[in-house]
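Coordinates in review
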Amino acid sequence: MAAQERIQEGMEVRGFTADHPPDYGEILRCTHCGLCLNQCPTFRVLGWEPDSPRGRIYLMRAVAEGRLEINPDFREHMEVCLACRACQTACPATLSFGRLVEAARWQVLQTLPLSPPERLIRAVVFGGILAHPSLLALLSRGLWLYQASGVRALIRRNGLITRLPPALRNMEEMLPDRLPSRFLPTGRRYPAVGERRGRVALLAGCVMRTLLAPIQEATVRVLTRQGFEVVIPRGQVCCGALHVHAGERRRAQALARRNLAAFTREEVDAILVNAAGCGVAMKEYGDLLKDDPHWAEAARAFSAKVRDVTEFLDAVGLRPPLRRIAGRAVYQDPCHLAHGQGIRAQPRRLLRAVGLTVLELPDGDLCCGSAGIYNITHPEIADALLEEKVTQIRRLNPERVVTANAGCLLQLAMGLRRTGLSIPVQHVIEVLDEATAG
């Protein structure tokens with residue numbers, strides 16, 4: 001019996017378990033044309049076929065057909081992928097490569113044993129900090145104290161930061177210059193200013209609610225000034241994007257159910273998010289929970305309402321008055337906004353609407369190396385991608401760099417600081433906050 005037939009009948013295929021394997025039919029749609037190669041950041045850095053989308057799909061097919069077993073080499077080729085989905089944009093067959101690689105990572109997690117340190121790290125990060133907002137808030141308080149006490153300045157002034165391992169160094173250097181002392185509260189409602197245009201819910205997020213809380217506050221201000229009541233539902237948690245990327249499918253499903261329970265209590269016109277990776281995850285809740293008889297329908301309805309904040313504001317239109325902001329800005333496409341959601345023109349239109357001249361980077365939609373926690377798990381590749389991005393920004397010499405995702409913002413700011421460039425990096429919503437201020 002052919003491997004494809006066995007999968008369709010729900011039988012286990014040698015190498016993959018029957019629990020959500022990569023879609024064999026999708027794998028077979030790859031024609032191995034190679035148009036994805038130059039768009040793949042890891043292939044451009046490593047130049048190694050198994051670390052290209054085409055190569056990874058070939059490995060998945062070999063496992064599905066019983067010609068290869070899941071082994072540490074297979075795991076490495078899947079994990080070194082940034083899951084940026086640039087290959088999906090380049091693919092003439094429009095393969096859903098992001099879902100394929102996420103399913104492959106889930107299979108790896110089921111099949112290969114984890115070392116004790118790996119189990120501990122996954123339990124702490126995915127089952128602890130990201131699953132419990134109170135733990136993340138506690139960690140963020142500790143980082144604020146680390147900065148406020150002067151320890152951070154001392155470590156940087158004495159050059160101790162350069163002695164850290166690359167992963168720890170990136171973690172430290174990515175921290176914002178000024179860490180907030182308060183976080184965005186949940187269970188709050190903010191009334192519309194002026195004529196009411198609707199009611200929306202906002203994902204508070206993880207990093208966005210804590211380390212980047214000022215951006216969330218700016219989001220609330222912009223939306224209310226634009227005539228929308230904003231509700232931040234109580235009981236919401238991490239969206240699960242990082243879990244899905246890491247193969248933690250079960251934990252991602254648990255988080256999705258908690259968010260559905262929190263958000264479905266509210267009657268809103270749209271569910272807004274201002275982090276691109278979170279937006280993709282939330283728009284794919286319908287797929288994540290498609291086999292859950294209790295939540296499948298609610299997940300599909302939820303995903304249909306999810307909008308990136310730039311997508312939403314571009315659709316409804318900015319109402320005057322708008323303060324004109326002159327200057328030249330580079331806009332960096334977040335991978336999961338451009339490739340994952342197909343949102344490219346909307347942020348640019350918003351920036352031009354307030355007067356900015358938008359400059360385009362060569363290969364502007366190539367990943368900056370952030371990719372969730374990729375700059376921590378694979379710092380050497382991430383740094384190579386970041387260095388190329390900073391070089392291109394330096395050549396254009398803009399007055400500001402703008403993006404629409406937390407990871408991109410922190411990554412680009414770190415890269416510019418390393419090279420001594422004092423160019424501010426902002427979220428699109430921060431620019432709109434400046435333009436819509438009273």
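Notes on the structure follow. (Residues numbered from 1 in each chain as written. Predicted model: local features only at pLDDT ≥ 70, side-chain atom pairs only at ≥ 80, totals over all residues. Heavy atoms only, no water.)

Topologically, glutamine 107 is positioned in helix α7 (residues 97-111). Relative accessible area serves as the criterion here: at 0%, glutamine 107 is assigned to the buried category. In contact with glutamine 107, other than residues within four places in its own chain, are Phe16, Thr17, Asp19, His20, Pro21, Pro22 and Ile70. (Helix = DSSP H or I, 4+ residues; strand = E, 2+ residues; numbered from the N terminus. Buried < 20%, exposed > 50% of the residue type's maximum accessible area, 1.4 Å probe, protein only. Contact = heavy atoms within 4.5 Å.)

Okay, the packing of aromatic side chains next. Taken as a whole and judged by the stated rule, the model has four aromatic pairs. When the centroid spacing of 6.5 Å and the interplanar angle of 65 degrees are considered together, the rings of phenylalanine 16 and phenylalanine 74 count as edge-to-face. Of this pair, phenylalanine 16 sits in the loop between α1 (3-8) and α2 (24-28) while phenylalanine 74 sits in helix α5 (residues 72-79), and the two are 58 residues apart along the sequence. With centroids separated by 5.2 Å and ring planes inclined at 20 degrees, the aromatic side chains of tyrosine 285 and phenylalanine 302 adopt a geometry described as stacked. Taken together, the residues tyrosine 285 in helix α16 (residues 285-288) and phenylalanine 302 in helix α17 (residues 296-305) connect sequence positions 17 residues apart. There is no split in this pair, since tyrosine 285 and phenylalanine 302 are both buried. Among the aromatic residues, ring-to-ring pairing joins Phe263, Tyr285 and Phe302 into one connected group. Above the plane of the ring of tyrosine 58 lies arginine 67, whose end atom (NZ or CZ) is 5.6 Å from the centre. Here the guanidinium or amino end of arginine 141 rests over the ring plane of phenylalanine 183, the centre of that ring lying 4.4 Å away. (Phe/Tyr/Trp six-rings, centres within 6.5 Å; stacked < 30°, edge-to-face > 60°. Lys NZ or Arg CZ within 6 Å of the ring centre and 35° of its normal.)

So, about a nonpolar patch on the surface. The grouping of Val45, Leu46 and Trp48 at the surface amounts to a nonpolar patch, some 280 Å² of accessible area in total. Turning to its location among the elements, leucine 46 is positioned in helix α3 (residues 41-46). (Patch = residues over 30% accessible without salt bridge, like charges linked within 9 Å, V, L, I, M, F, W, Y side chains within 5 Å. Areas by Shrake-Rupley, 256 points an atom, 1.4 Å probe, with all protein chains shown as cover. Salt bridge = Lys/Arg side-chain N within 4 Å of Asp/Glu carboxyl O.)

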